[in-house]
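Residue-level structure breakdown
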Amino acid sequence: MSSIEAQHIDITYPGRERNLIRALSFSASSNELIAVVGANGSGKSSLLRVLAGLQDPNGGVVKWNGVQLADIPGTTRPKLAANLFSSYQRVAGMIARDLIAFGRQPYTGIFGKLKSSDWQVVDQTISQLGISSLANAMVENLSDGEYRKVMFARMWAQEADTMILDEPMAHLDMPTSVAFVRQLATAVEQYQKTVIFSTHDMPLAFNFAHQILVIDGGDHLYGTPEMVIKSDLMHRFLDKSGIEFEGRSFNYKPDP
Amino acid sequence: MTKSRFGFWALSATVLLVLMLMSVFVGTVHIPLSNIFSGNLSELERVILWESRFPRTIVAVLAGAGLAAAGLVMQTLFRNPLAGPSVLGVSSGASLMVAVVTLGSFGLASSPNVQMIAAIAGSLLVLLLILWAANRFADIATVLIIGLMLSFFTSSIVSLLQAFASESQIKAFIFWGFGSFAGLGSDQLIYLTVPILVALLASPFLIKGLNSLLLGEMHATSMGVNVKQLKLGAILFSGVVAGTVTAFCGPIAFLGLATPHIVRLFFKSNDHRIILPGSILGGSSIALFCDLIARLPGTDMAIPLNSVCAFMGAPVVIYLILKGRKSRMLI
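Described below are features of the structure shown in this document. These figures come from a predicted structure and were not determined experimentally.

Right, let's talk about the overall build of chain A for a bit. Looking only at helices and strands, chain A has nine helices and twelve strands in total. Whereas a compact globule of 256 residues would reach a radius of gyration of roughly 18 Å, chain A reaches 19 Å, a difference of no more than 12%. Projecting the C-alpha coordinates of chain A onto the three principal axes gives extents of approximately 55 × 40 × 35 Å. Here chain A, with 256 residues, has 50% of them falling under the buried criterion. In chain A, of all internal contacts separated by at least 6 residues, the share reaching a separation of at least 24 is 65%. With an accessible surface of roughly 11,100 Å², chain A has 49% of that area assigned to carbon and sulfur atoms. In chain A, 23 positive and 27 negative side-chain charges are present, and the distance between their average locations comes to 3 Å.

Structure below.
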């Protein structure tokens, strides 16, 4: 079981008078897939960094499994929540299996040596995620989509019950994006994980996520896709670009 | 490790052992092996072995090991394949103080002990400055720029001193700049051995953090690494090594920058649990090899160590990079 809770989170960008995010509160727990949507610059990445404990909020508190983040030691955190940010550097000079093994680092001793049980987790991860064909490939030879799968496998190998991903489908083609989100949905439904991801792909978010967190102009709304799609905040967000979101299929068409 | 690299380790250790033996046994004065093993040495042979060849071998092993490991740590810390132990400006600080005592009118011109003390003082000063910068500024690129600018700044002062120095002073300073593993007698070895051994013994504690750092600082933080502590530890390690080596051997170029690349390609890995010990072994071997060439055994001449390092090494690195294009450190 896992949960993640944000209580009255404020986030400000330096130099800006108005808060990027104001008094944001929501909670998510096991078996929930949450999609965070909003315009560029709305604060999605900042929020995810705050939820992942990589950035301090200007106000408010984040709790993991009911415990304030500040009270969770740095060495314990990676065992509770794994994350994947677009700012993670792309590496070279190793095979995919070794990159996935990075996910076991929180469980290793002072020199980072993996035990045989750690390698078992790595190999189980590779087979669970169906990427055996990539395991021995040099990571610099992988396509963007394949590399993303390997990085996801690295997260999976961490065996954390919460996963936070910042725009994991960026630059991926549609079939690969759908496959990726399906994998997130499997993590939630089969393995009872709590997964939060941000995306610009609204149809994908609204079709797969259990809950949507939409952020726009410092305001936010958290609810089911059906509830969020009818909200004033969504209309305000979409009206700017002259597109209409169709409620049943969660697809969109340009205004005539 | 996903595959046994026993063969690589065995080969590396063997090469190092052979080079160490050659460094002790080979030289301008031929000392028969039988004399060495039987202990039947003349006074001259004893002095050559114990005051010259043996200390020189130890210095080459430790300096090579230290510089290579420091170069690796700097390349990972700054995510820059062109980084080496000198990027912190520590060796430049050492060079500046040696220039001050050698080129300035202090009348202490080319005394090696004075040069060593000056170099230690110079490198400590810069190291403290860099540690302050690393503690003050979160962005490691800022520290890199400060280190590089310090190098330029100290070079400018050295040039100024050279412009007003006498011919003999300039010659003494240039001679220091050639680099040499031959500057220490057996009674002085301890001043180099202790700092470098302590640094090398502490270096494995950087391995886990450096591996996490390959995916960036945010990833390392998310994996529970105290990135600030890691940065300070890495800088302290490299600074102590670079400062100590420069103080006792002069500014040794190339080894620290090139050896990690050679090691990565040789072991086909970026895992610091392999390439840190690999660099230590490789650095020692390369330093010994370059020193052997510099001594021009069988002749009465010697050539500058730094010339040999770069002359031999640069083409090797270019060849390896072109050959092993798929095994680069960074995309």
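There is more to say after this.
This part takes up the sheet that holds strand E5 (residues 67-68) of chain A. All names here are of chain A. Read across the open sheet, the four strands follow the order E2-E1-E4-E5; overall the sheet is antiparallel. This sheet does not close on itself; its edge strands, each paired only once, are strand E2 (21-29) and E5. Here strand E1 (residues 3-11) runs beside strand E4 (residues 59-64); their pairing, made up of five bridges, is antiparallel. Pairing of Asp 10 across the sheet is with Gly 59, part of E4.

Okay, helix H3 (residues 43-77) of chain B next. Residue and element names in this part refer to chain B. In a regular helix each residue adds 1.5 Å, so 35 residues correspond to 51 Å; H3 covers 49 Å between its end C-alpha atoms and thus fits that length. The largest bend along H3 reaches roughly 35° and is located at Leu 49. Counting buried positions along H3 yields 26 of 35 residues, so the element is predominantly enclosed. Directly beyond the C-terminal end of H3, a positive phi value near 50° is found at Arg 79.

We now examine the packing of helix H4 (residues 90-103) of chain B against helix H6 (residues 140-163) of chain B. Residues and elements named next belong to chain B. Relative orientation of the contacting elements H4 and H6 amounts to 15°, with a least axis distance of 9 Å. Regarding the angle of H4 to H6, the classification is roughly parallel. The handedness of the crossing between H4 and H6 comes out as left-handed. Contacts between H4 and H6 involve Ser 92, Gly 93, Ser 95, Leu 96, Ala 99, Val 100 and Leu 103 on the former and, on the latter, Ser 151, Thr 154, Ile 157, Val 158, Leu 161 and Gln 162. Partitioned by chemical class, the residues of the contact of H4 with H6 number seven nonpolar, six polar and no charged.

Below, the discussion takes up the sheet that holds strand E8 (residues 194-198) of chain A. Residue and element names in this part refer to chain A. Taken together, the six strands give an open sheet; going across it, the order is E6-E7-E8-E3-E9-E10, and neighbouring strands pair in mixed fashion. Of all strands in the sheet, those with a lone pairing partner are strand E6 (81-84) and strand E10 (219-223), marking the two edges. On average, adjacent strands in this sheet sit at an angle of 15° to one another, irrespective of strand direction. Pairing of strand E3 (residues 32-38) with strand E9 (residues 211-216), which is carried by five bridges, proceeds in the parallel orientation. Note on E9: the bridge partner recorded for Ala 35 is Ile 212. Strands E3, strand E7 (162-166), E8 and E9 of the sheet are contacted by helix H1 (residues 44-51), whose axis makes an angle of about 155° with E7.

Bringing the interface of chain B and chain A into the picture now. On the chain A side, the residues contacting the 27 residues of chain B number 35 residues. Buried surface at the junction of chain B and chain A, both sides included, amounts to about 2,600 Å², of which 63% is carbon and sulfur. Considering only the side of chain B, the residues that lose the most area to chain A are Lys208(B), Leu215(B) and Met218(B), jointly responsible for 26% of the buried surface there. For the interface between chain B and chain A, the tally reads zero salt bridges. The interface formed by chain B and chain A includes eight residue pairs in polar contact (both at pLDDT 80 or more).

The rules behind the values
The residue numbering used here restarts from 1 in each chain and proceeds along that chain's sequence as written. Chain labels run from A onward and ligand labels from 1 onward, assigned in the order the entries are written. Reporting of local features is limited, given that this is a predicted model, to residues whose pLDDT is at least 70; pairs of side-chain atoms are given and counted only at 80 or more, and all residues count toward the totals for whole chains, interfaces and linings. Neither water nor hydrogens contribute to the side-chain values; these are computed over all heavy atoms in the structure. For the purposes of this entry, the term helix denotes a DSSP run of H or I that reaches at least four residues, the term strand denotes a run of E that reaches at least two, and both are numbered from the N terminus. When we talk radius of gyration, it's over C-alpha atoms, and the globule rule is simply 2.2 Å times the number of residues to the 0.38. Partly exposed residues are those whose accessible area sits between 20% and 50% of the maximum for their type, while under 20% is buried and over 50% is exposed, using a 1.4 Å probe and protein chains only. Contact criterion: two residues are considered in contact whenever any of their non-hydrogen atoms come within 4.5 Å of each other. Using a 1.4 Å probe, the Shrake-Rupley method yields the accessible areas, and only the shown protein chains count as cover for residues. Asp and Glu count as negative and Lys and Arg as positive, but His and the ends of the chain are not part of the count. Just so you know, the charge point we use is NZ for Lys, CZ for Arg, CG for Asp and CD for Glu. Any two strands with at least two DSSP-identified bridges between them are counted as paired. Under the convention used throughout, the expected extent of a helix is 1.5 Å for every residue step, that is, one less than its residue count. Think of it this way: the bend at a residue is just the angle between two axes, each fitted to seven residues, one set ending at that residue and the other starting at it. Axis geometry follows a simple rule: fit a line to the C-alpha atoms, using only the stretch in contact for helices, then measure angles between N-to-C directions, giving values from 0 to 180 degrees. For classification purposes, an angle smaller than 35 degrees is called roughly parallel, one larger than 145 roughly antiparallel, one from 65 to 115 roughly perpendicular, and anything else oblique. Left-handed describes a crossing whose near helix is turned anticlockwise from the far helix through less than a right angle; right-handed describes the clockwise counterpart. Polar here means any residue other than Ala, Val, Leu, Ile, Met, Phe, Trp, Tyr, Cys and Pro, which are nonpolar, and Asp, Glu, Lys and Arg, which are charged; Gly is therefore polar. Buried area, as used here, totals the accessible surface that two parts lose on assembly, with accessibility defined by a 1.4 Å probe and the loss added over both. A pairing counts as a salt bridge when a side-chain nitrogen of Lys or Arg comes within 4 Å of a carboxyl oxygen of Asp or Glu. We call two N or O atoms a polar contact when they sit within 3.5 Å, provided that within protein one can donate a hydrogen and the other can accept it, with sequence-adjacent residues counted only if both atoms are side-chain atoms.

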